[in-house]
Amino acid sequence: QVQLVESGGGSVQSGGSLRLSCAASGVTSSRFCIGWFRQTPGKEREAVARIDPDGSPAYSDSVKDRFTISQDDAEKTLFLQMHSLKPEDTGMYYCGAVRRPHGLGADFCAHTTWNYWGQGTQVIVSS
């Protein structure tokens, strides 16, 4: 059974930093795509960062060079370190996962519909 529980959101001023955590159970990096998404009211959920099957990180252009995704396999925790935060980073941040069929790689993770979600953690960046 997959369970994702996010924490670490909060309110910061522009230029500040936050570190989000996602406690992931029932998820193994060898069989799942796992990553971070965000959503603001009136907009669709958008991908922020993920860890590809080979362990490489992938980022959206809007967060590249500011956010870092990492995973502590021993503790089964996914992190998102966010620096140089901007007001447009404001939103509900979700940890997501999807089972990855054997033999499929990063392209599958990039284009499939993800179906496991946590409850989200709110990030507010004020100018």
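The text that follows walks through the structure, step by step, so that each part is easy to find. All of these numbers come straight from a predicted model, not from anything done at the bench. (Residues numbered from 1 in each chain as written. Predicted model: local features only at pLDDT ≥ 70, side-chain atom pairs only at ≥ 80, totals over all residues. Heavy atoms only, no water.)

Let's talk about the nonpolar core
Part 1 of the reasoning: In terms of nonpolar packing, the biggest core is built from 26 residues, with Trp36, Leu80 and Met82 touching the most fellow members.
Part 2 of the reasoning: At the level of elements, strand S3 (18–25), strand S4 (32–39), strand S5 (46–51), strand S7 (67–72), strand S8 (77–82), strand S9 (91–99) and strand S11 (121–126) are the ones that each hand at least two residues to this core.
Part 3 of the reasoning: When residues in this core are grouped by element, the largest group, four residues, is from S3.
Part 4 of the reasoning: Once residues lying within four places of it in the same chain are set aside, the contact partners of methionine 82 are Gly16, Ser17, Leu18, Leu20, Arg66, Phe67, Tyr93 and Val123.
Part 5 of the reasoning: If you look at the next biggest cluster of nonpolar residues, it comprises six residues, including Cys33, Val98, Phe108 and Trp114. (Core = buried A, V, L, I, M, F, W, Y, C linked by side-chain atoms within 4.5 Å. Buried < 20%, exposed > 50% of the residue type's maximum accessible area, 1.4 Å probe, protein only. Helix = DSSP H or I, 4+ residues; strand = E, 2+ residues; numbered from the N terminus. Contact = heavy atoms within 4.5 Å.)

Some points on the side chain of glutamate 6
Part 1 of the reasoning: As for its placement among the helices and strands, glutamate 6 is situated in strand S1 (residues 3–7).
Part 2 of the reasoning: No salt bridge forms around the buried glutamate 6; measuring N to O, its nearest opposite-charge neighbour arginine 45 is 7.3 Å away.
Part 3 of the reasoning: From its side chain, glutamate 6 meets the backbone nitrogen of cysteine 95 in a polar contact 2.7 Å long.
Part 4 of the reasoning: Residues contacting glutamate 6, with those up to four places away along its chain left out, are Ser21, Cys22, Trp36, Tyr93, Tyr94, Cys95, Gly118, Gln119, Gly120 and Thr121. (Lys, Arg positive; Asp, Glu negative; His and termini not counted. Salt bridge = Lys/Arg side-chain N within 4 Å of Asp/Glu carboxyl O. Polar contact = N/O pair within 3.5 Å; in protein donor to acceptor, adjacent residues only side chain to side chain.)

Digging into the state of the cysteines
Part 1 of the reasoning: One pass over the structure, following the stated rule, counts two disulfides.
Part 2 of the reasoning: Two residues share a disulfide in this structure: cysteine 22 and cysteine 95, whose sulfurs sit 2.2 Å from each other. Where cysteine 22 bonds to cysteine 95 through sulfur, the torsion about that S-S bond is close to -80°, and the disulfide is left-handed. Of this pair, cysteine 22 sits in strand S3 while cysteine 95 sits in strand S9, and the two are 73 residues apart along the sequence. Assigned by exposure class, cysteine 22 and cysteine 95 land together as buried.
Part 3 of the reasoning: There is a disulfide in this structure between cysteine 33 and cysteine 109, and the S-S distance comes to 2.1 Å. The disulfide joining cysteine 33 to cysteine 109 has a torsion of about -75° about its S-S bond and is therefore left-handed. Of this pair, cysteine 33 sits in strand S4 while cysteine 109 sits in helix H1 (residues 106–111), placing them 76 residues apart in sequence.
Part 4 of the reasoning: Residue cysteine 109 is classed as buried on the basis of its relative accessible area of 2%. (Disulfide = S-S within 2.5 Å.)

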